[in-house]
Amino acid sequence: MKRFALTGAAGYIAPRHMKAIKDTGNVLVAALDPFESVGIIDSYFPEAEFFTEPEAFEAYLEEARATEGLDYVSIATPNYLHYPQIRMSLRLGADALCEKPLVLGEDELDRLAALEAETGRRVWTVLQLRVHPALVALREKLAAEGDRKKVVLTYVTGRGKWYLKSWKGDVKKSGGLATNIGVHFFDMLAWLFGDVQQLEVHAREERVVAGHMELERAEVSWFLAIDDRYVPAELRAQGQRTYRSITVDGEEIEFSGGFTDLHTEVYRRTLAGQGFGLEDTRTAIRTTERVRTLEPGGRAPRHPFLERS
């Protein structure tokens, strides 16, 4: 039985980590969050220690390391806290299992690789789309076909005024829209179609970011937004505030279901030493970093949603 700690225990994604720890037969010994709305812990590990102050949390883990031991720290905090909390985990003698984006910049990946070598511990991340059965099957199908594809990615998730006033709206803390709501899509695209060879940014605003990218085996027109006005009118009339579409050569890729146990599968692979490490994240981290720094422009075709705006 492995001993876990968890940061970001009051967050949206934290229950999936608690469930994964329990489903894999392990134990949560301590959790951290500045907010006290963490009653969900009782459903999984009512005996876990809970802290609202990071200093007290780290002190407890130091003591635990010296007595019963600490194996993993699961990290589910806001993006800008990932890097320092991963460093803390490795310094405590534990592996880190961190939500994406693993970090905000490629230079941080390099520093963490050096820290892995220094401490002998590992950094793992949650790339759950890579274990989604429908996407695994698609990847096998694409490999068999071998030809170059044309992909259109559209993701709109309506967010209220709170979004831009929270840490998510601060580019230095979240990495911007491409990182905060798009990093898993950029990772998925590179996993399916190969490394990024060329990238253009056609729009970069508070609520919309869009562009075009050339991958080894595909050209991709992509559009990400938190403005529900981009949800197609017929769906918006039904009260929907979210719209997701990924087409490959005009054929829609459907993977809406099957998300229930993906975190648990990632945990199983990680515990077996077959999880996703630093280098698995590099292409997506590099891409999102470039999206927030490139000057908008370019000659590639614009996403059709941009033409409507």
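These remarks concern the structure in this document. (Residues numbered from 1 in each chain as written. Predicted model: local features only at pLDDT ≥ 70, side-chain atom pairs only at ≥ 80, totals over all residues. Heavy atoms only, no water.)

1. Brief notes about the environment of Leu 278
Here is the rule: Where helices and strands are cited, they refer to DSSP runs of H or I of at least four residues and of E of at least two residues respectively, numbered from the N terminus. The criterion used for residue contact is that any of the two residues' heavy atoms lie within 4.5 Å.
Looking at where Leu 278 falls in the secondary structure, it is placed in helix H12 (residues 278–291). With 276 residues separating them in the primary sequence, Leu 278 and Lys 2 have C-alpha atoms 22 Å apart. Apart from the residues within four sequence positions on either side, Leu 278 is in contact with Leu 102, Leu 109, Leu 112, Ala 113, Glu 116 and Val 123.

2. A closer look at the sheet that holds strand E3 (residues 49–51)
Heads up, the rule is: For two strands to pair, DSSP has to find at least two bridges joining them. To obtain each axis, a line is fitted to C-alpha atoms, and for helices this fit is confined to the stretch in contact; angles are then taken between N-to-C directions over 0 to 180 degrees.
Spatial ordering of the open sheet is given by E3-E2-E1-E4-E5-E6, a layout of six strands whose pairing is parallel. Only two strands of the sheet have a single partner each, and these edge strands are E3 and strand E6 (123–125). Mean inter-strand twist for the sheet, computed between neighbouring axes without regard to direction, equals 20°. Against the sheet, helix H11 (residues 262–271) touches strand E1 (3–7), strand E4 (72–75), strand E5 (95–98) and E6, its axis set at about 150° to E4.

3. Quick word on the side chain of Thr 281
Convention followed: Any pair of N or O atoms that falls within 3.5 Å is considered a polar contact. Within protein, one atom must be able to donate a hydrogen and the other to accept it, and sequence-neighbouring residues count only if both atoms are side-chain atoms.
Here Thr 281 shows up in helix H12. There is a polar contact of 2.7 Å between the side chain of Thr 281 and the backbone oxygen of Leu 278. In contact with Thr 281, other than residues within four places in its own chain, are Leu 102, Leu 109 and Thr 125.

4. Describing the pairing of E1
Counted only if it meets this: For every residue, the accessible area (1.4 Å probe, protein chains only) is compared with the maximum for its type, and the residue is labelled buried under 20%, exposed over 50%, or partly exposed between those bounds. The path from the first strand over the helix to the second decides the hand: if it runs clockwise while the strands point away from the viewer, the crossover is right-handed.
Burial within E1 is extensive, with five of its five residues counted as buried. What you see with E1 is no split at all: Arg 3, Ala 5 and Thr 7 on one side and Phe 4 and Leu 6 on the other are buried throughout. Note: E1 against strand E2 (residues 27–32), five bridges, orientation parallel. Residue pairing in the sheet places Thr 7 in a bridge with Leu 32 of E2. Between the parallel pair E1 and E2, the chain is carried across by helix H1 (residues 14–23), and the sense of this crossover is right-handed. The pairing of E1 with E4 spans four bridges and is parallel.

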